[in-house]
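Residue-level listing of the chains:
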Amino acid sequence: MAKRKLGELEVGAQGLGCMGMSQAYGVRDNDDESVATIHRALELGVTLLDTANVYGPHTNEELVGRAIADRRDQVVLATKFGIVPGHIGPGGGSQRVRGDAAYVRQCCEESLQRLGTDHIDLYYQHRVDPEVPIEETWGALAELVAEGKVRHLGISEASAATIRAAHAVHPITALQSEWSLWTRGIEDEVVPTCRELGIGIVPFSPLGRGFLTGSVTSVQDLPEDDMRRGLPRFAEENLDRNLAIVEALRKLAAEKGVTAGQLALAWVQHQGADVVPIPGTKRRKYLEENVAATEIALSEKDIAAIEAAAPADAVAGERYPERFARTVSK
């Protein structure tokens, strides 16, 4: 796999999101396959593995730690703090965030223990705490870098103004935010800000939480405990409009001999050499399909056709219900 740069951090051109191995998209059903998927990712040239303390909660970091215990030097290990662990399924309450200095240090120490490592390669502030000055949070993060416990810093789902303020305290290596054909809100202000400051971009959910693969045609396709049941874009009243986007992508993909999901992922991969998407999966089969998207060549004409098939204003429904949306882009 080709390499890309997130700031000064070199990684494979595609990373692996590990959240779904432990939560959100159905039951945690096969840790052995999840570990095998991580190992296969490393074989294919994926180096950036993405987890967080809130995934599980805690169990995903433990799983990733076990998977890489004998191959730590092959991995660029990313984890996050900031969302207070608790139930975040469809019926969960408001998402709580913390960014005070004591909590930053506490979370880092706990993550190091669960991951079984002495350093985190890329440590993200998962959500911005509006009650704590960003200077306090990032001052604490800078101390962790100085101590060698963290190598690089990132921020997730932050506004352009917050990115600038945090970067002034300590350089940001990467921004992690949702970016896909049906989530393009960072393009106007956040992406230009990152490029001005030399910050890499790590899109999560580049396949629209799996929707752009065409695997979901009804909310009934989803397990009872799947978090997507609580997301507006998956609601029955929005499905027909959103499925029309997938069908248009499927027709374009067929012309290139690839799947709709691969075409959607290739579009994200083509957004710039500073972009490293992290599609998530817990199955080797889907991992291999995703990695194959890094080899798909798209011309300017192809890009235009894809964006015409999936125009940003055609998507029905908000990204999140209000209880989650209020912690985004602060």
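Small disclaimer: the values here were computed from a predicted structure and weren't measured.

Undergrad: Quick rundown of the overall build of the protein chain? Include the residues and the values.
TA: What the protein chain contains, in helices and strands, is 11 helices and nine strands. In terms of C-alpha radius of gyration, the protein chain reaches 19 Å, essentially the compact-globule figure of 20 Å for 330 residues. Expressed along its principal axes, the backbone C-alpha trace of the protein chain runs to roughly 55 × 40 × 40 Å. Evaluated residue by residue, the protein chain yields a buried proportion of 59% over its 330 residues. A sequence separation of at least 24 residues applies to 75% of the contacts in the protein chain between residues at least 6 apart. With an accessible surface of roughly 13,100 Å², the protein chain has 48% of that area assigned to carbon and sulfur atoms.

Undergrad: Can you tell me about the nonpolar core, naming the residues and giving the values?
TA: Counting residues in each nonpolar core, the largest one holds 98 residues, and the members touching the most others are Leu-16, Ile-38, Leu-48, Tyr-123, Ile-155, Ile-163 and Leu-249. When near neighbours in sequence (up to four residues on either side) are disregarded, Leu-48 contacts Leu-6, Val-11, Gly-15, Leu-16, Val-76, Ala-78, Leu-122, Val-202, Val-276 and Ile-278. If you look at the next biggest cluster of nonpolar residues, it comprises six residues, including Met-19, Ala-52, Val-54 and Ile-83.

Undergrad: Which residues make up the packing of helix 2 (residues 59-67) against helix 3 (residues 101-115), and what values do they have?
TA: Viewed as axis vectors pointing N to C, helix 2 and helix 3 meet at an angle of 45 degrees, and their least axial separation amounts to 7 Å. Comparing their axes, helix 3 and helix 2 come out oblique. Between helix 2, through Glu-61, Glu-62, Val-64 and Gly-65, and helix 3, the contact on the second element is made entirely by Ser-111, Arg-114 and Leu-115. Looking at the contact of helix 2 with helix 3 residue by residue, the classes come out as two nonpolar, two polar and three charged.

Undergrad: So what's going on with the packing of aromatic side chains? Residues and values would help.
TA: Here the structure, examined in full by the defined rule, presents five aromatic pairs. Residues Phe-81 and Tyr-123 carry aromatic rings whose centres are separated by 5.2 Å and whose planes lie at 40 degrees to one another, so their mutual orientation is tilted. Residue Phe-81 is located in strand 5 (residues 76-81), and its partner Tyr-123 is located in strand 6 (residues 120-125); the two are separated by 42 residues in the primary sequence. As far as burial versus exposure is concerned, Phe-81 and Tyr-123 are alike and both buried.

Undergrad: I'd like a rundown of helix 10 (residues 300-309), residues and numbers included.
TA: For helix 10, the complete set of buried residues consists of Ile-303, Ile-306 and Ala-309. Taken end-on, helix 10 shows its buried residues confined to a sector of 130 degrees, consistent with a single buried face. In this structure, helix 10 carries Glu-300, Lys-301 and Ala-308 as exposed residues pointing more than 90 degrees from its buried face. Residues of helix 10 that are buried make contact with helix 7 (236-256) and helix 8 (260-269).

Undergrad: Give me the lowdown on the environment of Val-190, citing residues and values where you can.
TA: The residue Val-190 is located in helix 6 (residues 190-197) in this model. Using a relative accessible area of 8% as the deciding quantity, one classes Val-190 as buried. Along the sequence, Val-190 and Arg-233 sit 43 residues apart, while their C-alpha atoms lie 23 Å from each other. Setting aside its immediate chain neighbours within four residues, Val-190 contacts Ala-158, Ser-159, Ala-160, Ile-163 and Leu-175.

Undergrad: Tell me about helix 5 (residues 160-169), residues and numbers included.
TA: Along helix 5, the positions that sit buried rather than exposed are Ala-160, Thr-162, Ile-163, Ala-166 and His-167. Taken down its axis, helix 5 places every buried residue within 155 degrees of arc, on the same side. Facing away from the buried side of helix 5 by over 90 degrees, the exposed positions are Ala-161 and Ala-168. Those residues of helix 5 that are buried are in contact with helix 4 (134-146), strand 7 (150-156), strand 8 (174-178) and helix 6.

Undergrad: Give a detailed account of the sheet that holds strand 7, specifying residues and quantitative values.
TA: Through backbone hydrogen bonds, the strands of a sheet pair up, either in parallel or in antiparallel fashion. With parallel pairing, the seven strands of this open sheet are ordered in space as 3-4-5-6-7-8-9. Among the strands making up the open sheet, the edge pair consists of strand 3 (16-17) and strand 9 (200-204). Looking at chain direction, strand 8 and strand 9 are connected through five bridges and run parallel. From the neighbouring strand, Ser-177 faces strand 9, where its bridge partner is Pro-203.

Undergrad: I'd like a rundown of the pattern of salt bridges, residues and numbers included.
TA: The tally for this structure, following the rule as stated, stands at 22 salt bridges. One salt bridge connects Lys-149 with Glu-109, and the closest N-O pair in it is separated by 2.4 Å. A residue pair is termed long-range when its members are at least 10 positions apart, and Lys-149 in the loop between helix 4 and strand 7 and Glu-109 in helix 3 qualify at 40 residues. Lys-149 sits in the partly exposed class, given a relative accessible area of 22%. Taking the shortest distance from any N to any O, the salt bridge between Asp-302 and Lys-256 comes out at 3.3 Å. You can see Asp-302 sitting in helix 10 and its partner Lys-256 sitting in helix 7, a full 46 residues away along the chain. For Asp-302, a relative accessible area of 21% translates into the label partly exposed. With relative accessibility at 35%, the residue Lys-256 sits in the partly exposed group. Within this structure, Arg-105, Glu-109, Glu-143, Glu-147 and Lys-149 form a network of salt bridges that share partners.

Cut-offs used in this document
All residue numbers refer to positions counted from 1 along the written sequence of the respective chain. Local features are withheld for residues below a pLDDT of 70 in this predicted model, meaning they are given only at 70 or higher, and side-chain atom pairs are given and counted only at 80 or more; totals for whole chains, interfaces and linings count all residues. Side-chain descriptors were evaluated using all non-hydrogen atoms of the structure, hydrogens and water having been removed beforehand. Think of it this way: any DSSP run of H or I at least four residues long counts as a helix, any run of E at least two long counts as a strand, and we number them from the N terminus. C-alpha atoms define the radius of gyration in this analysis, and the globule rule sets the expected value at 2.2 Å times the number of residues to the power 0.38. When a residue's accessible area, from a 1.4 Å probe over protein chains only, is under 20% of the maximum for its type it is buried; when over 50% it is exposed; and in between it is partly exposed. By definition in these notes, contact holds between two residues if any of their heavy atoms fall within 4.5 Å. Calculation of accessible area relied on Shrake-Rupley with a 1.4 Å probe; when residues are assessed, cover is drawn exclusively from the protein chains displayed. By convention a nonpolar core is built from buried Ala, Val, Leu, Ile, Met, Phe, Trp, Tyr and Cys residues, the set being connected through side-chain atoms within 4.5 Å. Note on definitions: angles span 0 to 180 degrees between N-to-C directions of axes, and those axes are lines fitted to C-alpha atoms, for helices only across the stretch in contact. Working definition: roughly parallel below 35 degrees, roughly antiparallel above 145 degrees, roughly perpendicular at 65 to 115 degrees, and oblique for all remaining angles. Each residue is assigned to one of three groups, with Ala, Val, Leu, Ile, Met, Phe, Trp, Tyr, Cys and Pro labelled nonpolar, Asp, Glu, Lys and Arg labelled charged, and all others, Gly among them, labelled polar. Aromatic pairs are defined between Phe, Tyr and Trp rings, using the six-membered ring for Trp, whenever the two ring centres lie within 6.5 Å; interplanar angles under 30 degrees are classed as stacked, those over 60 as edge-to-face, and all others as tilted. Think of the arc as the fan of directions from the helix axis to the C-beta atoms. Two strands are counted as paired when DSSP detects at least two bridges linking them. In the sections that follow, a salt bridge refers to a side-chain nitrogen of Lys or Arg positioned within 4 Å of a carboxyl oxygen of Asp or Glu.

By themselves these figures say nothing about function.
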